[in-house]
There are 2 protein chains.
Amino acid sequence: MAKSKKMVYFFGGGKGEGNAKMKELLGGKGANLAEMASLGVPVPPGFTITTEVCTYFYKNKKKYPATIKADVEKALANVEKIMGKKFGGTTNPLLVSVRSGARSSMPGMMETVLNVGLTEETIPGLIALSGDERFVYDAYRRLLMMYSDVVMEKAAGIETADDMGIRKQLDRIMDQLKKQKGYKTDTEMTAEDLKGLCAKFKATIKEVLKKEFPDDANKQLWGGIDAVFSSWNGKRAISYRRIENIPDEWGTAVNVQSMVFGNLGETSATGVAFTRNPGNGDNHFYGEYLVNAQGEDVVAGTRTPGPVNESSKSEHNKTEVSLEKKMPKAYRELDAIQKKLEKHYHDMLDIEFTIENNRLFMLQCRVGKRNGPAAVKMAVDMLKEKLITKEQAVMRVTPAQLDELLHPIIDPITEKDHKPLAKGLPAGPGGACGQIVFNAVDAVEWKKQGKDVILVREETNPEDVEGMRAAQAILTARGGMTSHAALVARGWGKCCIVGCGSIEVDYAKKQLHVAGKVMNEGDWITLNGTKGVFYAGKLPMMDASRENKELNDFLKVCDSVKKLGIRTNAETPEDAVKARQFGAEGIGLFRTEHMFYGKGADQPLFLLRKMIMSNTVAERQKALDQLYPFVKKDIKGTLEAMDKLPVVIRLLDPPLHEFVPQDADKRAALAKDLNINADEFNKRADSLHESNPMMGHRGVRLGITYPEVSRMQIKAIFESAAELIKAGKKPYPEIMIPVVCDVKEIEFQLKIAKEVYAEVCKKTGVKKIPHMFGTMIEIPRAALVAGEIAKVAEFFSYGTNDLTQMGFGFSRDDIGGFVPDYINKGILPGDPFQSIDQVGIGELIKIGIERGRKTRKNLEVGICGEHGGEPASIEFCHKVGMDYVSCSPFRVPIARLAAAQAVVKN
Amino acid sequence: MAKSKKMVYFFGGGKGEGNAKMKELLGGKGANLAEMASLGVPVPPGFTITTEVCTYFYKNKKKYPATIKADVEKALANVEKIMGKKFGGTTNPLLVSVRSGARSSMPGMMETVLNVGLTEETIPGLIALSGDERFVYDAYRRLLMMYSDVVMEKAAGIETADDMGIRKQLDRIMDQLKKQKGYKTDTEMTAEDLKGLCAKFKATIKEVLKKEFPDDANKQLWGGIDAVFSSWNGKRAISYRRIENIPDEWGTAVNVQSMVFGNLGETSATGVAFTRNPGNGDNHFYGEYLVNAQGEDVVAGTRTPGPVNESSKSEHNKTEVSLEKKMPKAYRELDAIQKKLEKHYHDMLDIEFTIENNRLFMLQCRVGKRNGPAAVKMAVDMLKEKLITKEQAVMRVTPAQLDELLHPIIDPITEKDHKPLAKGLPAGPGGACGQIVFNAVDAVEWKKQGKDVILVREETNPEDVEGMRAAQAILTARGGMTSHAALVARGWGKCCIVGCGSIEVDYAKKQLHVAGKVMNEGDWITLNGTKGVFYAGKLPMMDASRENKELNDFLKVCDSVKKLGIRTNAETPEDAVKARQFGAEGIGLFRTEHMFYGKGADQPLFLLRKMIMSNTVAERQKALDQLYPFVKKDIKGTLEAMDKLPVVIRLLDPPLHEFVPQDADKRAALAKDLNINADEFNKRADSLHESNPMMGHRGVRLGITYPEVSRMQIKAIFESAAELIKAGKKPYPEIMIPVVCDVKEIEFQLKIAKEVYAEVCKKTGVKKIPHMFGTMIEIPRAALVAGEIAKVAEFFSYGTNDLTQMGFGFSRDDIGGFVPDYINKGILPGDPFQSIDQVGIGELIKIGIERGRKTRKNLEVGICGEHGGEPASIEFCHKVGMDYVSCSPFRVPIARLAAAQAVVKN
């Protein structure tokens with residue numbers, strides 16, 4: 001670490017050394033605290049230790065740069081000056097919180113220590129100052145519990161059996177006391193109780209951890225800082241980063257901030273709010289608060305909070321008094337601040353506040369998470385309000401959020417006729433249906449077995465994250481809209497209901513009690529996460545996109561920004577129509593072989609098999625003639641449905657043996673039809689076997705060895721187009737040759753195409769059939785010799801599935817044996833079949849485009865692999881200058897968004 | 001064709017418009033005729049029509065450029081002037097020959113027409129002039145036979161049944177006449193006979209071909225030119241070009257030259273000679289001649305020729321009178337000319353001459369073909385004689401010729417005890433052994449069935465070329481050292497015996513009569529092509545290289561020129577020793593898995609299988625421990641045998657299922673040893689199955705999922721090296737990781753290697769074990785991200801087999817289904833697994849080297865695929881800056897030569 005680098009950034013007293021743009025260095029929390037301080041918003045003063053210190057910490061065996069102590073002392077002195085308090089002082093002691101703050105929010109994944117600075121020496125001073133001995137010992141027992149757990153056990157790397165952790169042991173001691181005294185809640189404990197408890201806690205800590213709890217403010221502070229940095233590499237944090245694709249190298253910042261207390265009685269409170277409703281996007285200040293509580297009480301979901309104002313009231317909390325009514329002055333101040341902040345940030349914010357004896361403090365502000373429908377509505381609304389630009393609007397919805405809108409919902413007509421079992425808070429939108437499981441491990445296990453599950457919990461905590469991921473939806477009995485379950489589900493756009501108080505969960509028996517019924521593990525339920533209700537059994541689902549009126553507005557904004565064309569992969573007139581409705585601007589991949597896979601494909605499949613098993617050109621030609629009408633029907637129908645738009649039709653691609661029946665009866669029937677005996681038939685069939693079929697006799701290689709197969713398909717294309725032209729349509733077929741590795745293969749096929757073209761024009765009397773002739777680029781060599789290939793090919797379409805297979809030498813059918821290990825061991829950042837490997841395969845793509853366009857300036861370039869519907873891959877396609885991407889009809893809206901975002905980002 | 005281009009080049013009268021360097025334009029024959037004319041060598045005057053006219057001819061539907069007629073007329077007038085004769089003239093008519101002449105010699109593959117200009121009008125003049133009516137009508141009947149066949153039938157594209165060609169019909173008429181008159185040879189026919197025959201020939205030509213034979217000198221001339229150009233695309237020529245890799249685009253030139261006659265009686269002769277012996281390289285003028293004959297008689301092998309001088313005498317022709325004795329004056333002149341020409345050309349020449357009434361004419365001179373031993377000896381001798389430089393010497397031996405020396409010969413000790421069946425001319429060196437077949441079709445067919453065959457023929461002709469190619473060796477009853485069979489076999493370095501007069505071939509019965517025995521089709525014989533004798537049965541073969549004393553001298557010259565290092569692929573101490581003898585400078589590929597394939601591998605294979613089938617790390621570790629001593633033994637022995645030289649050791653590469661037994665007994669034994677039941681065993685075994693194993697779980701992927709497997713191998717390497725160091729040796733292992741696609745894979749393996757290294761150093765007390773750590777580049781992506789990979793890898797070794805498989809998407813096991821078609825249809829120039837595809841795969845190689853060396857300047861780069869022993873690929877490796885190539889021990893000498901030639905060529 002360079003000596004000159006600033007390691008500690010101060011904020012408070014109306015100014016901040018950092019600002020909101022410095023998230024990489026200060027983390028999101030630190031950057032925003034600095035920004036708020038500079039804006040004059042009342043923020044408890046403090047300072048942020050940078051993420052660079054975290055990096056240094058890990059590179060140097062958990063040691064700090066030499067000068068940091070002095071920097072921290074200086075910043076602390078500044079805090080003391082503003083607060084008029086002294087850290088570790090006996091008369092007016094300063095307490096601080098020590099919190100994590102990474103570049104990207106990782107809710108609940110890292111550690112926090114509160115009330116740091118409470119010691120035997122400072123306690124009397126604080127009691128004198130607050131006049132509340134109970135409050136001080138309550139704060140002290142919280143410090144002891146957190147500190148022993150987070151700093152003395154976890155950060156020290158002590159591993160314990162599940163129930164033997166220091167936290168659990170202290171919990172048991174407190175439970176014992178409450179039981180002994182007959183208390184039901186923590187608040188019933190007296191100052192004396194708490195004082196005794198603290199003494200017991202300290203003795204237990206020493207006994208269990210073989211170490212004294214440090215009775216020194218500075219030791220506590222550095223212990224807390226250590227613990228926060230250490231928690232960056234805690235198990236939960238690592239597992240969260242894997243899911244969210246957050247790089248290990250980022251590190252966290254540490255925020256040290258003077259404590260303010262929402263738990264100083266009825267004039268104190270704490271809360272979490274959003275400048276707009278994060279669940280549906282409505283432009284109302286929206287939030288929850290608890291009187292006489294600390295922030296963790298709201299997030300933990302142990303008490304159900306009240307609404308911050310009347311417009312935040314819901315079914316669930318309509319009986320509670322709002323903050324607006326309870327503390328009108330503080331509320332007005334809060335409302336003014338949230339308005340100021342939203343205007344300043346040009347976005348919906350998630351804010352945390354504490355009211356200490358009627359005085360408002362802002363503890364945090366950050367851009368708020370929101371679900372898909374809310375994101376779309378806010379983007380469209382804020383654009384209308386001129387709060388943001390078109391480009392900003394496009395960036396305000398993630399592809400995953402848009403995906404939520406395209407997720408299924410319960411069919412509303414059916415739903416009307418069903419009575420919900422119970423109602424909770426609508427924490428994650430859409431519908432979901434699955435079998436009940438009661439813990440995260442089961443959720444993961446059942447999902448592996450291919451089952452759809454709903455994870456049902458009292459409440460969730462960070463240990464449950466992987467199970468939540470595996471589940472179709474999450475249902476909890478406790479917690480509010482800002483509880484752990486709600487936050488996580490919203491981030492993922494997953495269907496979720498929280499705080500469903502009328503259900504009872506019996507983990508031991510694996511039973512759910514609801515509405516007088518007992519449901520067991522494995523029973524089916526259906527959730528409506530948008531309304532917050534759930535039903536017994538499986539209800540039918542439907543497409544949600546038609547229900548959202550802002551969706552089309554938003555996608556039109558995307559279209560006005562994007563440069564890439566969006567096509568679809570479709571092989572039937574029905575799919576073509578559907579894709580046009582989704583906004584497809586053509587077909588990027590029509591697979592001629594598709595008709596042999598689908599339902600009702602018996603007759604064409606039989607004819608195809610006959611063609612494959614033919615031993616002579618004459619036999620094969622006969623089978624091809626019989627096959628012709630089927631091939632032509634699908635092509636013509638699709639060209640017609642895509643009238644005026646381009647349709648890329650790929651000639652037969654898969655290795656022929658894929659179509660050869662293994663079934664003895666089918667083989668016998670085919671043998672009979674071909675008039676050959678069974679032995680001869682089996683000999684022919686077996687001769688088609690290949691050791692590595694993916695690199696075998698397929699694609700254009702079939703068209704070279706059996707030119708008559710190409711001829712039949714090309715004839716179907718030109719005849720269909722000619723007939724449509726005569727009927728007044730404007731078809732535009734693009735004939736695509738697959739599995740090409742050399743220009744001569746295309747030349748060979750083009751010669752056939754030219755002959756057929758002339759024949760069809762002559763036969764139909766159509767003078768010109770507009771079309772293009774091109775190739776897939778899916779073999780690595782094709783990308784390398786693209787300059788030659790473009791001499792003949794008028795367009796390229798990247799087949800990134802095969803390009804990835806051959807570029808990596810990964811057989812997609814076989815990667816199960818090692819790729820999971822590769823991802824777990826950090827060798828691959830992810831599955832390259834999901835998102836294009838931009839470094840390696842991307843390089844091949846770039847080379848191909850550069851060389852191709854050098855030969856043919858106006859070469860049309862697209863992608864038709866499955867990556868064509870994946871946002872990061874789409875951005876890559878935009879950057880390398882492709883003309884279009886093609887994806888499944890359902891992914892077309894995502895692609896439109898991703899294409900627009902690609903423009904804004906680059 | 002640009003108007004300004006010169007189309008006709010004159011030669012004769014002491015000057016030539018062209019020269020020997022203009023082979024591309026004038027063909028070899030034309031260029032050398034011009035050169036000889038300029039040197040003052042007596043050449044019959046004539047002119048050459050360029051290869052560019054041939055190209056024009058084919059691009060313009062067999063039409064000529066407009067101005068060519070005038071150019072030809074002008075050149076012809078020049079010839080007439082020098083010869084004092086008139087083409088088509090009645091008193092002193094000029095006759096000309098019309099011959100092909102391509103850039104590279106294609107003996108007998110294209111057409112020739114002689115005696116052009118003989119018509120009813122010119123015949124009397126020629127009779128008057130020569131005073132020999134018989135000679136003139138003999139020339140006329142030859143013209144009629146050739147012209148009707150070559151021009152009127154073949155060039156006109158008339159196809160006939162095998163025995164109904166015009167040539168065959170005229171042959172039959174002549175045979176009938178001879179039978180009728182009781183003649184045994186052609187020379188017995190009188191002038192009257194021939195005159196009558198000519199009349200019959202003309203009538204038959206008209207009847208069969210429905211066209212008059214053109215009785216016009218100019219028509220004959222242009223017919224001949226047409227025919228020669230047309231024969232460039234004759235079937236024979238095309239098939240020869242395929243075998244010899246001669247591009248179709250080159251085209252042929254046409255040489256029109258005034259006729260001189262070697263058949264004007266006893267003072268006339270014709271011959272073919274070499275400035276040194278082409279069969280063994282001896283520095284003696286060597287050749288054959290026939291009195292009273294035309295050149296075609298020598299080449300056709302219908303009469304056995306005499307030696308040109310006493311030193312050319314052999315067993316075979318020692319009773320014949322040499323030209324030196326028969327025509328001493330002409331011989332002295334010829335000898336002076338050959339000396340002058342060799343000195344001028346700095347190479348051994350093949351010359352054709354004719355003596356017309358004691359006057360010597362040189363008809364042709366070209367660099368002479370020679371067999372491998374001769375080529376090596378000539379190169380070494382000429383270098384000593386200072387006739388050529390070191391660089392020229394290196395270029396004088398083709399890799400194929402060197403290969404001949406490395407071909408097997410009959411084990412001399414066994415051969416001593418066997419009596420030859422017969423003796424002929426030693427036309428192609430080395431030994432060969434195979435089953436007798438009697439025609440080219442059978443040779444090709446039997447070869448396809450995997451049989452080794454010897455093609456036995458009366459004599460061969462161009463129709464036999466493919467059969468000759470398929471055969472191990474060729475044996476003919478007739479013909480001399482310049483006969484068709486001898487020329488072709490010498491060009492290929494194939495074992496061949498010609499002119500074996502004591503054998504009789506019965507095609508109908510498929511029998512060979514020799515030494516009183518009857519041998520049938522399928523009987524085994526063994527040929528000694530170096531001595532010209534053959535034996536009944538199969539005699540044992542041995543390596544020939546030790547027998548050639550010039551070979552080492554020559555290879556040392558190569559070593560002094562080459563830049564590339566030459567390593568070998570070897571896995572046993574024995575192979576390592578052998579390869580060092582061949583000149584290997586290290587091992588480029590030691591395959592650790594090799595020991596499981598060979599003989600006596602039962603125990604290690606069983607242990608490997610045990611390791612593979614292990615279900616737990618503990619089971620696997622146990623099997624690995626048992627396997628360890630076997631792995632170490634081979635590695636240590638090989639490192640010791642290659643003392644002081646580098647040994648690249650590749651970690652386990654193939655997919656594991658390759659080693660899993662299919663056999664039920666073996667499976668049962670293994671299951672028992674692993675203490676699992678058969679069902680469980682089969683389940684595990686079957687789970688290893690892959691759809692595309694070539695792109696499956698193999699190479700480093702095994703080392704990632706089973707780090708303990710890598711660890712065991714690396715331990716064996718370091719321990720072997722450490723023990724050898726302690727014994728005073730200098731081992732230099734290079735640890736190579738296969739199937740790498742990303743730098744992180746190598747990092748993962750390097751971590752293991754570093755741990756093992758430290759352990760071994762500690763255990764053995766050896767402080768430093770010199771070694772390198774590197775990777776194969778065989779996955780396309782690895783070449784693309786080579787810059788990253790070189791951060792960790794200290795060397796690259798290109799695995800071009802896999803790189804070709806994945807770069808092309810060609811599974812080598814499956815290309816049989818389409819690659820032959822690709823080559824036949826001209827889509828691929830050849831099998832990319834034989835010679836590196838420089839355009840596509842070569843591009844990947846270049847990218848990898850550039851990017852790798854950009855990161856690590858001194859990166860060692862080599863190749864260990866099978867291409868490493870293939871000359872064109874070696875040249876490519878040199879050009880792209882590799883440090884070494886590695887090939888099988890036997891190919892090392894070839895690689896040394898190819899590496900030296902690469903330097904000279906570039």
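Bear in mind the structure is a predicted one, so any value in this text is a computation, not a measurement. (Residues numbered from 1 in each chain as written. Chains lettered and ligands numbered in written order. Predicted model: local features only at pLDDT ≥ 70, side-chain atom pairs only at ≥ 80, totals over all residues. Heavy atoms only, no water.)

Asker: Quick question: what am I supposed to make of the relation of the copies chain A and chain B here?
Answerer: The operation relating the two chain copies consists of a rotation about an axis and a shift along that axis. Under the fitted operation, chain A is carried onto chain B by 0.0 Å of movement along the axis and a turn of 179°, and the coordinates agree to an RMSD of 0.3 Å. Each copy turns onto its partner about a two-fold axis. Across chain A, the rotation axis passes nearest the C-alpha of Asn692 of chain A, at a separation of 2.1 Å. Taken together, the interface assignments show that 100% of the residues at the interface of chain A recur at the interface of chain B, consistent with an identical surface on both copies. (Least-squares fit on C-alpha atoms with pLDDT ≥ 70 in both. Contact = heavy atoms within 4.5 Å.)

Asker: Got a minute to help me understand the interface of chain A and chain B in this structure?
Answerer: One frequently used descriptor of interface size is the decrease in accessible area upon assembly of the parts. Every contact between the two is made by 46 residues of chain A and, on the other side, 46 residues of chain B. A per-residue breakdown of the area chain A buries against chain B is headed by Met695, Arg781 and Ile827 of chain A, which together make up 16% of the total. On inspection of chain A and its partner chain B, the count reaches 4 salt bridges. Here chain A is connected to chain B by 24 residue pairs in polar contact (both at pLDDT 80 or more). Among the elements of the structure, helix H26 (700–705), helix H28 (743–764), helix H29 (780–784), helix H31 (800–808), helix H32 (819–824) and helix H33 (841–855) of chain A are those that each provide at least two residues to the side of chain A that touches chain B. Partitioning the side of chain A that touches chain B into residue classes produces 21 nonpolar, 12 polar and 13 charged. (Buried area = accessible area lost by both parts, 1.4 Å probe. Salt bridge = Lys/Arg side-chain N within 4 Å of Asp/Glu carboxyl O. Polar contact = N/O pair within 3.5 Å; in protein donor to acceptor, adjacent residues only side chain to side chain. Helix = DSSP H or I, 4+ residues; strand = E, 2+ residues; numbered from the N terminus. Nonpolar A, V, L, I, M, F, W, Y, C, P; charged D, E, K, R; others polar.)

Asker: What am I meant to see in the sheet that holds strand S28 (residues 587–591) of chain B here?
Answerer: Hydrogen bonds between backbone groups are what pair the strands of a sheet, and the pairing can be parallel or antiparallel. All names here are of chain B. Sheet architecture is closed into a barrel: 8 strands sit in the order S27-S28-S29-S30-S31-S32-S33-S34, paired in parallel fashion. Neighbour to neighbour, the strand axes of the sheet diverge by 30° on average, direction disregarded. Strand direction decides the pairing type here: strand S31 (residues 772–777) and strand S32 (residues 795–798), joined by 3 bridges, are parallel. In the strand pairing of S32, Thr775 is matched with Phe796. Packing against the sheet, helix H28 (residues 743–764) makes contact with strand S30 (732–737) and S31, and its axis sits at approximately 150° to S31. Strand contacts of helix H33 (residues 841–855): S32 and strand S33 (860–863), with the helix running at about 175° to S32, the strand carrying the most contacts. (Pairing = 2+ DSSP bridges. Axes fitted to C-alpha atoms, helices over the stretch in contact; angles between N-to-C directions.)

Asker: What's the story with the sheet that holds strand S9 (residues 269–274) of chain A in this structure? I'm lost.
Answerer: The 5 strands are arranged S11-S10-S9-S12-S13 (chain A) in an open sheet whose pairing can be described as antiparallel. Each end of this open sheet is capped by a strand with a single partner; those strands are strand S11 (306–307) and strand S13 (359–367) of chain A.

Asker: Help me out: how do you make sense of the pattern of salt bridges in this one?
Answerer: For side chains bearing opposite charge, pairing can occur when the charged atoms are close. The full count for this structure, using the stated rule, is 114 salt bridges over all chains. Lys313 of chain A is paired through a salt bridge with Glu310 of chain A; the nearest N and O atoms lie 3.4 Å apart. On the accessibility criterion, Lys313 of chain A (30% relative accessible area) is partly exposed. Taking the relative accessible area as the measure of exposure, Glu310 of chain A reaches 31% and is therefore partly exposed. In this structure, the salt-bridge partner of Lys562 of chain B is Glu585 of chain B, at a minimum N-O distance of 3.2 Å. Taken together, the residues Lys562 of chain B in the loop between helix H20 (549–561) and strand S27 (565–569) and Glu585 of chain B in the loop between helix H21 (573–581) and S28 connect sequence positions 23 residues apart. Here Lys562 of chain B falls in the buried class, since its relative accessible area comes to 13%. Each of Asp138, Arg141, Arg142, Lys178 and Asp186 of chain A takes part in salt bridges that share partners, so that together they form one network. (Buried < 20%, exposed > 50% of the residue type's maximum accessible area, 1.4 Å probe, protein only.)

Asker: I'm lost on helix H35 (residues 892–905) of chain B in this one. Help?
Answerer: Helical geometry: 3.6 residues make up each α-helical turn, so side chains three or four residues apart lie on a common side. Residues and elements named next belong to chain B. Compared with the 20 Å implied by 1.5 Å per residue over 14 residues, the 20 Å span of H35 between its first and last C-alpha is a close match. For H35, the buried fraction is high: 12 of the 14 residues fall into the buried class. Along H35, the residues that are buried comprise Val892, Pro893, Ile894, Ala895, Arg896, Leu897, Ala898, Ala899, Ala900, Gln901, Ala902 and Val903. On its buried face, H35 is in contact with helix H14 (390–395), helix H15 (399–406), H20, S27, helix H34 (871–879) and strand S34 (884–887). (Expected span 1.5 Å × (residues − 1).)

Asker: What exactly am I supposed to notice about unusual backbone geometry here?
Answerer: A positive phi angle, near 50°, is found at Lys61 of chain A, a position not held by glycine. If you trace the backbone, Lys61 of chain A turns up in the loop between helix H2 (51–59) and helix H3 (68–83). With relative accessibility at 76%, the residue Lys61 of chain A sits in the exposed group. Even without being glycine, Asn115 of chain B reaches a positive phi, approximately 60°. Within the secondary structure, Asn115 of chain B is located in strand S7 (residues 112–116).

Asker: Sorry, what's going on with the packing of helix H27 (residues 707–726) of chain A against H28 of chain A here?
Answerer: Two numbers describe a pair of packed helices, the interaxial angle and the distance between the axes. All names here are of chain A. The interhelical angle for the contact between H27 and H28, taken along N-to-C directions, is 40°, at an axis separation of 9 Å. Comparing the axis directions of H27 and H28 gives the class oblique. Here the hand of the crossing between H27 and H28 comes out right-handed. Taken together, the residues of H28 that come into contact with H27 (itself represented by Pro707, Ser710, Arg711, Ile714, Lys715, Phe718, Glu719, Ala722 and Lys726) are Phe748, Gln749, Ile752, Ala753, Glu755, Val756, Tyr757, Glu759, Val760, Lys763 and Thr764. Class assignment for the residues of the contact of H27 with H28 results in 10 nonpolar, 3 polar and 7 charged. (Parallel < 35°, antiparallel > 145°, perpendicular 65-115°, else oblique. Left-handed = near helix turned anticlockwise from the far one by under 90°.)

Asker: Can you help me understand the pairing of strand S18 (residues 453–457) of chain A in this one?
Answerer: A regular strand carries its side chains on alternate faces of the sheet. All names here are of chain A. Of all 5 residues in S18, 5 are buried, a share of seventy percent or more. Bridge count for strand S17 (residues 431–437) against S18 is 3 bridges, and the pairing is parallel. The partner of Val437 across the bridge, within S18, is Leu455. For the crossover from S17 across helix H17 (residues 440–448) to S18, the handedness is right-handed. Bridge count between S18 and strand S19 (residues 473–476): 4 bridges; the pairing is parallel. Following the sheet pairing, Ile454 is matched in S19 by Ala473. For the crossover from S18 across helix H18 (residues 465–470) to S19, the handedness is right-handed. (Right-handed = clockwise from strand over helix to strand, strands pointing away.)

Asker: Any chance you could explain the confidence of the model for chain A here in plain terms?
Answerer: In low-pLDDT regions, the fine details of the predicted coordinates are not to be read closely. On average, chain A scores 90 in pLDDT, and the residues at 70 or more come to 97%. Scored as a whole, the predicted complex attains pTM 0.77, and scored at its interfaces, ipTM 0.76. (pLDDT = per-residue confidence, 0-100.)

Asker: Would you mind showing me how to read helix H13 (residues 372–384) of chain B here?
Answerer: Residues and elements named next belong to chain B. Relative to the 18 Å expected for 13 residues at 1.5 Å per residue, H13 spans 18 Å between its end C-alpha atoms, a close match to the ideal helical length. The complete set of buried residues in H13 reads Gly372, Ala374, Ala375, Val376, Lys377, Met378, Ala379, Val380, Asp381 and Met382. Taken together, the buried residues of H13 touch helix H12 (328–345), H14, H15 and H20. One or two positions beyond H13, positive phi appears at Lys386, with a value near 60°.

Asker: Is there a simple way to explain the pairing of S17 of chain A in this structure?
Answerer: Residue and element names in this part refer to chain A. Across the 7 residues of S17, 7 count as buried, placing the element largely inside the fold. When S17 meets strand S24 (residues 524–528), the two strands line up antiparallel, connected through 5 bridges. Its bridge partner being in S24, Gln435 is matched across the sheet by Trp524.

Asker: Even after reading the chapter, I still don't get the side chain of Asp742 of chain A, so can you show me in this structure?
Answerer: Note on placement: Asp742 of chain A falls in the loop between strand S30 (732–737) and H28. Relative accessible area serves as the criterion here: at 14%, Asp742 of chain A is assigned to the buried category. In this structure the side chain of Asp742 of chain A is engaged in a polar contact, spanning 3.0 Å, whose partner is the backbone nitrogen of Lys744 of chain A. Ignoring sequence-local partners within four residues, the contact set of Asp742 of chain A consists of Arg781 and Ile789 of chain A together with Ile827 of chain B.

Asker: Would you mind going over the packing of aromatic side chains with me for this structure?
Answerer: Each pair of aromatic rings is reported with the distance of its centres and the angle of its planes. Here the structure, examined in full by the defined rule, presents 29 aromatic pairs over all chains. Considering the side-chain rings of Phe285 of chain A and Tyr331 of chain A, the 6.2 Å spacing of their centres and the 40° angle between planes classify their relative orientation as tilted. Of this pair, Phe285 of chain A sits in the loop between S9 and strand S10 (286–291) while Tyr331 of chain A sits in helix H12 (residues 328–345), and the two are 46 residues apart along the sequence. Phe285 of chain A gets classed as buried once you look at its relative accessible area, which sits at 6%. Where Tyr147 of chain B meets Phe213 of chain B, the ring centres are 5.4 Å apart and the plane angle is 85°; that geometry is what we call edge-to-face. A residue pair is termed long-range when its members are at least 10 positions apart, and Tyr147 of chain B in helix H5 (residues 133–154) and Phe213 of chain B in the loop between helix H7 (191–209) and helix H8 (217–231) qualify at 66 residues. Using a relative accessible area of 3% as the deciding quantity, one classes Tyr147 of chain B as buried. Aromatic rings pair up to connect Phe57, Tyr58, Tyr64, Trp222 and Phe229 of chain A into one cluster. One cation-aromatic arrangement involves Lys715 of chain A over Tyr628 of chain A; the distance from NZ or CZ to the ring centre is 4.6 Å. Cation over ring: Lys6 of chain B sits above Tyr9 of chain B, and NZ or CZ is 5.1 Å from the ring centre. (Phe/Tyr/Trp six-rings, centres within 6.5 Å; stacked < 30°, edge-to-face > 60°. Lys NZ or Arg CZ within 6 Å of the ring centre and 35° of its normal.)

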